[in-house]
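A look at the structure
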Amino acid sequence: MKKSNDEPNVWITVLKLVIGVVVIVGGVGFALWYAQGMDSGGPGLPSPEPWGISKDSPVRMKR
């Protein structure tokens, strides 16, 4: 006669763990792939004319 217990088989637990790892690794991989294509917010091209504080000198030039 077969023994009846409420614990799932070992292979079902291993299968659940493997599926969980695949989902987590796949999700992180997809997030990194998606973030690679986004704008990183790096510096743009420099302006042809100086502006802001780089234009203002604290010392008055006497010409």
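This text gives an overview of the structure that appears in the document. (Residues numbered from 1 in each chain as written. Predicted model: local features only at pLDDT ≥ 70, side-chain atom pairs only at ≥ 80, totals over all residues. Heavy atoms only, no water.)

Remarks on helix α1 (residues 10–36)
Here is the rule we go by: A run of H or I in DSSP counts as a helix once it spans at least four residues, and a run of E counts as a strand once it spans at least two, with each numbered from the N terminus. Take the number of residues in a helix, subtract one, and multiply by 1.5 Å to get its expected span. Throughout, exposure labels follow a simple rule: accessible area from a 1.4 Å probe, protein chains only, divided by the maximum for the residue type, with under 20% read as buried, over 50% as exposed, and the rest as partly exposed.
The first and last C-alpha atoms of α1 sit 39 Å apart over 27 residues, in line with the 39 Å expected at 1.5 Å per residue. For α1, the buried fraction is low: zero of the 27 residues fall into the buried class.

Remarks on the packing of aromatic side chains
Heads up, the rule is: Note on ring pairs: Phe, Tyr and Trp rings are taken, using the six-membered ring of Trp, and paired if centres are within 6.5 Å. Classes follow the plane angle, with under 30 degrees stacked, over 60 edge-to-face and the rest tilted.
Summed over all chains, the structure comprises two aromatic pairs. Look at F30 and W33: their rings are 5.7 Å apart centre to centre, the planes differ by 35°, and that puts the pair in the tilted class. Here F30 pairs with W33, and both are found in helix α1, just three residues apart, close to one helical turn. For the pair F30 and W33, one class covers both residues: exposed.

Looking at a nonpolar patch on the surface
Applied cut-off: Here the term patch refers to residues with relative accessible area over 30% and no salt bridge, with like charges joined within 9 Å and nonpolar side chains (Val, Leu, Ile, Met, Phe, Trp, Tyr) within 5 Å. Only the protein chains shown count as cover for residues, and the accessible areas themselves come from Shrake-Rupley with a 1.4 Å probe. Take a side-chain nitrogen of Lys or Arg and a carboxyl oxygen of Asp or Glu: if they are within 4 Å of each other, that pair is a salt bridge.
On the surface, a cluster of nonpolar side chains totalling about 360 Å² of accessible area is made up of V10, V14, V18 and V22. As for its placement among the helices and strands, V10 is situated in helix α1. For V10, a relative accessible area of 64% corresponds to the exposed category.

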